[in-house]
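Coordinate inspection notes
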Amino acid sequence: MLGRKNDNVAATVDTVIGKGAKITGKLVAEGAVRIDGDFEGEVSTEGDLVVGESGKVVATVRGRNLLVVGTIKGDVAATGQLEIASTGKVEGDVQTARLIVEPGGLLQGHCQMPLPADA
């Protein structure tokens, strides 16, 4: 999503957890977050979240639009879109308005999508 022309994830990132970093705890952010290291705990952002190819997240995750190129183990809630790239892996239950899983991407868990208001 980052670097693509017609995507929903923000082109600018406000918070970065770099490759090689290992963090345990609770991350609360208003803007876009990118995780390329290891994070364990809870992630909550009003903005977008990108888990890079080297990113390993063991946490409950909440955000607007999520792009998973690495790994998330834990429940995920996206108010917008969840995209799992070809190298991405999500192990946990998912709630999202839109779901994209590229060939090779993996989702292990239950997925719940809200019904449109006019349904």
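Residues numbered from 1 in each chain as written. Predicted model: local features only at pLDDT ≥ 70, side-chain atom pairs only at ≥ 80, totals over all residues. Heavy atoms only, no water.

1. A short note on the overall build of the protein
Rules: Here a strand is any run of E in DSSP of at least two residues, a helix any run of H or I of at least four, and the numbering for each starts at the N terminus. Only protein chains enter the accessibility calculation, which uses a 1.4 Å probe; a residue whose area is less than 20% of its type maximum is buried, one above 50% is exposed, and one in between is partly exposed. The contact criterion used is simple: two residues touch if any of their non-hydrogen atoms lie within 4.5 Å. Method for areas: the Shrake-Rupley scheme with a 1.4 Å probe, in which residue coverage is limited to the protein chains shown.
Helices and strands together make up the secondary structure of the protein, namely 0 helices and 13 strands. Moving toward the C terminus, one meets the helices and strands of the protein in the order β-β-β-β-β-β-β-β-β-β-β-β-β. Taking all 119 residues of the protein together, 39% fall into the buried category. A sequence separation of at least 24 residues applies to 8% of the contacts in the protein between residues at least 6 apart. Accessible surface, the protein: about 6500 Å² in total, of which carbon and sulfur atoms supply 48%.

2. Brief notes about the pairing of strand E4 (residues 38-45)
Formally: Paired strands, as defined in this entry, are two strands with at least two bridges between them according to DSSP.
Sheet topology note: the strand E2 (residues 22-29)/E4 ladder contains 8 bridges and is parallel. Its bridge partner being in E4, Gly25 is matched across the sheet by Gly41. Summarising the sheet, E4 and strand E6 (residues 56-63) pair through 7 bridges and their orientation is parallel. Bridge pairing links Glu42 to Thr60 in E6.

3. Digging into the side chain of Thr96
Put simply, the rule is: Polar contact criterion, stated in full: a pair of N or O atoms within 3.5 Å, where within protein one must be able to donate a hydrogen and the other to accept it, and residues adjacent in sequence count only if both atoms are side-chain atoms.
Mapped onto the elements of the fold, Thr96 is located in strand E11 (residues 94-101). Reaching out from Thr96, the side chain makes a polar contact with the backbone oxygen of Gly80 at a distance of 3.3 Å. A distance of 3.4 Å separates the side chain of Thr96 from the backbone nitrogen of Leu82, its partner in a polar contact. Look past the residues within four positions of Thr96 in its chain and what remains in contact with it is Ala78, Gly80, Gln81, Leu82, Cys111, Gln112, Met113 and Pro114.

4. Quick word on the pairing of E11
Relative to E11, strand E9 (residues 76-84) runs parallel, the two sharing 7 bridges. Opposite Val76, over in E11, you have Val94 as the bridge partner. Across 2 bridges, the pairing between E11 and strand E13 (residues 111-112) is parallel. Paired with Val94 across the two strands is Cys111, which belongs to E13.

5. Focus on the confidence of the model for the protein
Note the cut-off: pLDDT is a per-residue confidence score from the predictor, ranging from 0 to 100.
With 88% of its residues at a pLDDT of 70 or more, the protein shows a mean pLDDT of 90. Here residues 1-10 scores under 50 on pLDDT; set against residues more than four positions off or in separate chains, the count is 27 contacts.

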